[in-house]
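Letter by letter, the chains look like this.
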Amino acid sequence: MQHFIPSDALPRLRLLRQAFPGVPSAVARAAIEQHTQPGDVILDPFVSGLGVIQAALELDRKIVAASFNPINLLAIRATLWPVDARSALTHLADAPKGSQRLRDHLRELYTTRCPTCGRASLAQHFVWDRDRGEPGEKHVSCTVCGENIGQIDADDLSKLKRYDPRGLAFWVLHGRVIDRNHEDADRVSEVLEAYTPRTQAALGDILSKFEALSAEDRSALRPALLATFDSCTTLHTPDESRYPSGLKPPARFIEKNVWLELEQQVSLFPSVSQSLPRVATIAELFSSPTPAVCLLVAPARELIKQLPVAALPLMVTHPPLPRPGFWSLSAVWAAWLWGKQNSQVDHLLPLLSRKRASWDWQWRAIGSALTVLQPALRPDARTVMSFPADEAIIESVLLAAASAHEVVDHLTCDPHDGVRVTWRLGVIPSSAGTKNLGQPIVQHLLLERAEPTQAILLKAGLLAALGQTSALADIAHQPDGESPPLAVLRAAVKSALEDRSIFEIEPQVWWLTDQALAQSPLADRVEYVIVELLRAQADWHTVDLLRAVYRHFPDHLTPDRAVLATTIHSYAEESSFDQVHLRAEDHAAVRAAEMQEVRQLLVEIGPRLGFEAIVTEQAVEWLKSKHSEYVFVIQATAAIEALLRAETGVLVIPGGRATLLQYKLARAARLRDTHWKVLKFSSLRQAAQQSDLTLQTFQLAFGLEPPIEQPATQIQLL
Ligand SMILES: [Zn+2]
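Computed from a prediction, not measured in an experiment: that's the story for all the values here. (Residues numbered from 1 in each chain as written. Predicted model: local features only at pLDDT ≥ 70, side-chain atom pairs only at ≥ 80, totals over all residues.)

### Re the overall build of the chain
Alright, step 1. What the chain contains, in helices and strands, is 30 helices and 25 strands.
Alright, step 2. Here the chain holds 718 residues, and 43% of them are scored as buried.
Alright, step 3. The long-range share in the chain, meaning contacts at least 24 apart out of those at least 6 apart in sequence, stands at 68%. (Helix = DSSP H or I, 4+ residues; strand = E, 2+ residues; numbered from the N terminus. Buried ≥ 20, exposed ≤ 12 C-beta atoms within 10 Å, placed from the backbone. Contact = placed C-beta atoms within 7 Å.)

### Focus on helix α16 (residues 359-373)
Alright, step 1. Across its 15 residues, α16 extends 21 Å between first and last C-alpha, which sits within 8% of the 21 Å expected from 1.5 Å per residue.
Alright, step 2. Inspection of α16 places Gln-362, Trp-363, Ile-366, Gly-367, Ala-369, Leu-370 and Leu-373 among the buried residues, and these make up the whole buried set. Around the axis of α16, the buried residues are gathered within 160° of arc, so they sit on the same side. (Expected span 1.5 Å × (residues − 1). Arc of directions from axis to C-beta.)

### Notes on the nonpolar core
Alright, step 1. Counting residues in each nonpolar core, the largest one holds 175 residues, and the members touching the most others are Val-52, Val-64, Val-316 and Leu-399.
Alright, step 2. Broken down by element, the residue count for this core peaks at 10 residues, all from helix α14 (residues 324-338).
Alright, step 3. Every residue in contact with Val-316, bar those within four places of it in the chain, is listed here: Val-23, Ala-28, Ala-31, Ile-32, Ile-42, Asp-44, Val-52 and Val-384.
Alright, step 4. By size, the runner-up hydrophobic cluster in this structure holds 29 residues, among which are Phe-632, Ala-638, Ala-639 and Leu-679. (Core = buried A, V, L, I, M, F, W, Y, C linked by C-beta atoms within 7 Å.)

### Quick word on the environment of Ala-215
Alright, step 1. Structurally, Ala-215 is set in helix α10 (residues 215-231).
Alright, step 2. In sequence terms Ala-215 and Phe-577 are 362 residues apart; their C-alpha atoms lie 49 Å from each other.

### Thoughts on the sheet that holds strand β24 (residues 650-653)
Alright, step 1. Strand order in the open sheet formed by 5 strands is β21-β22-β23-β24-β25, and the pairing between neighbours is mixed. Each having just a single partner strand, β21 (612-615) and β25 (677-680) make up the two edges of the open sheet. For this sheet, the mean angle separating the axes of adjacent strands, direction not counted, is 25°.
Alright, step 2. Strand direction decides the pairing type here: strand β22 (residues 619-624) and strand β23 (residues 627-634), joined by 6 bridges, are antiparallel. Along β23, the bridge assignment pairs Ala-619 with Val-633.
Alright, step 3. Relative to the sheet, helix α25 (residues 588-608) contacts β21, β22, β23 and β24, its axis offset from that of β21 by approximately 155°. (Pairing = 2+ DSSP bridges. Axes fitted to C-alpha atoms, helices over the stretch in contact; angles between N-to-C directions.)

### Quick look at helix α11 (residues 258-267)
Alright, step 1. All of the buried residues in α11 are Val-258, Trp-259, Glu-261, Leu-262, Gln-265 and Val-266. Taken end-on, α11 shows its buried residues confined to a sector of 160°, consistent with a single buried face.

### Focus on the domain arrangement of the chain
Alright, step 1. We note that the domain assignment places domain 1 (1-81 + 270-322 + 358-426), domain 2 (86-266), domain 3 (522-582) and domain 4 (595-717) within the chain.
Alright, step 2. In this structure, domain 1 and domain 3 have C-alpha centres spaced 30 Å apart.
Alright, step 3. With 12 residues of domain 1 at the contact, the number on the domain 3 side is 8 residues.
Alright, step 4. Its residues assigned to classes, the side of domain 1 that touches domain 3 shows 5 nonpolar, 5 polar and 2 charged. (Domains from an automatic or database assignment. Nonpolar A, V, L, I, M, F, W, Y, C, P; charged D, E, K, R; others polar.)

### Some thoughts on the packing of α16 against helix α17 (residues 391-403)
Alright, step 1. Contact geometry of α16 with α17 gives a least axis separation of 8 Å together with a crossing angle of 40°. Crossing hand, α16 versus α17: right-handed. Where α16 approaches α17, its residues Trp-359, Gln-362, Trp-363, Ile-366, Gly-367 and Leu-370 are matched on the opposing element by Ala-392, Ser-396, Val-397, Leu-399, Ala-400, Ala-401 and Ser-403.
Alright, step 2. Residues belonging to the contact of α16 with α17 are distributed by class as follows: 9 nonpolar, 4 polar and no charged. (Left-handed = near helix turned anticlockwise from the far one by under 90°.)

### Section: the sheet that holds strand β19 (residues 572-576)
Alright, step 1. Read from one edge to the other, the open sheet built from 3 strands follows the order β18-β20-β19, with strand pairing classed as antiparallel. Looking along the sheet, the strands with just one partner apiece sit at the ends: β18 (540-541) and β19.

### Considering the pairing of strand β11 (residues 312-317)
Alright, step 1. Counting buried positions over the 6 residues of β11 gives 5, a clear majority of the element.
Alright, step 2. Where strand β1 (residues 41-44) and β11 come together, 2 bridges link them in parallel fashion. Bridge assignment links Ile-42 to a residue of β11, and that residue is Leu-314.
Alright, step 3. Bridge analysis of β11 against strand β12 (residues 377-387) gives 5 bridges, and the strand direction is parallel. Bridged to Leu-312 within β12 is Leu-377.

### As for the pairing of β12
Alright, step 1. With 8 of its 11 residues buried, β12 lies for the most part within the structure.
Alright, step 2. Sheet topology note: the β12/strand β14 (residues 418-425) ladder contains 6 bridges and is antiparallel. In the sheet register, Met-385 faces β14, and the bridge partner there is Val-421.

### Thoughts on the packing of α25 against helix α28 (residues 681-688)
Geometry of a packed helix pair, given as the angle between the helix axes and the separation of the axes.
Alright, step 1. Taken N-terminus to C-terminus, the directions of α25 and α28 make an angle of 40°; their axes are 10 Å apart at the nearest point. Judged by the angle between their axes, α25 and α28 are oblique. Here α25 and α28 pass one another in a crossing that is left-handed. Listed contacts from α28 to Glu-594, Val-598, Leu-601 and Ile-605 of α25 are Phe-681, Leu-684, Arg-685, Ala-687 and Ala-688.
Alright, step 2. Within the contact of α25 with α28, the residues separate by chemical class into 7 nonpolar, no polar and 2 charged. (Parallel < 35°, antiparallel > 145°, perpendicular 65-115°, else oblique.)

### Some remarks on unusual backbone geometry
Alright, step 1. Despite not being glycine, Asp-60 has its phi angle at roughly 60°, a positive value.
Alright, step 2. Relative to the elements of secondary structure, Asp-60 occurs in the loop between α2 (51-58) and β2 (62-67).
Alright, step 3. Of note, the phi angle at Ala-450 is positive, near 55°, even though the residue is not glycine.
Alright, step 4. Within the fold, Ala-450 resides in the loop between α18 (439-449) and β15 (453-454).

### Structural notes on the environment of Arg-166
Alright, step 1. Along the polypeptide, Arg-166 turns up in the loop between α6 (154-160) and α7 (168-175).
Alright, step 2. Taking the number of C-beta atoms within 10 Å as the measure of exposure, Arg-166 has 13 and is therefore partly exposed.

### Focus on the environment of Leu-512
Alright, step 1. Residue placement: Leu-512 occurs in strand β17 (residues 509-512).
Alright, step 2. Judged by C-beta crowding, with 19 C-beta atoms within 10 Å, Leu-512 ranks as partly exposed.
Alright, step 3. For the pair Leu-512 and Tyr-528, spaced 16 residues apart in the sequence, the C-alpha separation amounts to 24 Å.
Alright, step 4. In this structure, Leu-512 is in contact with Gln-443, Leu-446, Ser-501 and Ile-502, ignoring residues within four places of it in sequence.

Structure representation (structure tokens):
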């Protein structure tokens, strides 16, 4: 995909909502439309989230969505094909625990005094202070007072003393995952420590009764149990905005009532559910006459055994990022849900190993998965990935694909919205070696953008260019000597920015040392295109307008969203929700007439102030004794090109462009010390009306918020 596709809202999973980064549906749709035909089979080999699946079905394609992590697939399956677990929960609740039912036994773990009336009531959750190692606050549901919050009391604390941090419950849960003498046993202990001892006791009881349920009940309860395992860790803050990343509890964390949480999760079963077509095997999928989904828990080496040769036109995916905390949790949860003797769980145990949690390991894992899957691709197949604009991710993913001899077709990047890369298979043009390979590329990128550019965009553009030759593959395949390939690549990228032809004009923004200006700055070109598009079509859906603008700026020319948004806002107003049109005053004829009027005013005012006024192609000049004193450049846009081409002058623009110009000046580090002045059409008109105008009072009209337009000055002038 040559042009940037902005993200749309990610479809939500029912479980672990924030846990899985995914491909935005809009990106998946664009890739599928561009590279496949209806009826084709698409592969997402590292499925995470719903974006690719939804896009494929909407466009009448069939999809294989696979992952080595059964936790991803359980969350997806529970969202797409929810199962009612209410009767299974009743069976679990009724299981005997000593002389009680399991439900009553578990509720007792959370009985406490209501902080308001003192009656026995049920704690919903506790807020812990990590450093003190105990809860300080409880949220209680009282039959009389309702839900209320109060301090922990002495009884609550003495109740907690019953639990031994590494007691029986701990080791029973541990034994459900791994042998105590296994080399990764300590990692499992770390995961278990992300549960309070009371939570461990409750989960241990639930799992021992869960195991005894029928296969159907177990299957129905797994999604709710998974959600409970997740939300009952000590890793969640009371006011969480993003998914926790490690295994270390935050300073304040929540301890939930495990049984209430499980009941709550079961009750979230949707009353109406969409029923998407699904098949169990890849063979069924290929023979299916209609679009369908095949979800598989399988690493690439298992997947390839089931895929026909040269059958797939497209892989679309979000690359798996190294997430040691989440992977360890996944391994433990999967063992609890399916038992440790399960083949799905076997794939996951190696993920407990910490050495796999680095990019050095991960790029090779992605690279070998891509290599393994290649026989299933058609010769003209494409691989498309979407991921965050993060330097480490871009480097590693590009190195991974290069190691699998995939050639970069296109890479587009928006620092805030992410990266989209398209690769193809094929013969790679060989590069001239890896020494100093980056410098001419970075220079070229800056020349083409013609404006100072963020380091992340330059690095992405550089890596894309290296991925179009054999340079990246050469690095990926060089023998692991003193420095591993990833380190070699990082060093090459770093040295490309250390060239004398470029410099860091402000932190993380680079520009050419020799400022020769070959063409308009990118932000100006974006503005011209937006005006043209808004003038060519009366009404635009904002998303369509964005896409149309991106179509003019392929690959490394992708402009950042802030420039697009500010420029569109300067020229367009909203007609209805998400629909925009050109402002009335910006229609071509209106602006042309206005510019003519402004030119005329400058021609008239000049002589009044003792200048000779002459009109040139772009400007009005005021001369004194044949010497040019003022050059007025009149334009209806906020283009800054004129300011870059001459040392000094007066830029005459409509007042409606002031905000956009201000924004462009703020991001143009080159113009920080400019001698240019700005004159708004409105200020010029005001000056023209003053009968006693002098050069001194005329100068009060200069600026984006000039003195002439401020009330105090007007009074003074009268
Ligand atoms: Zn009460």
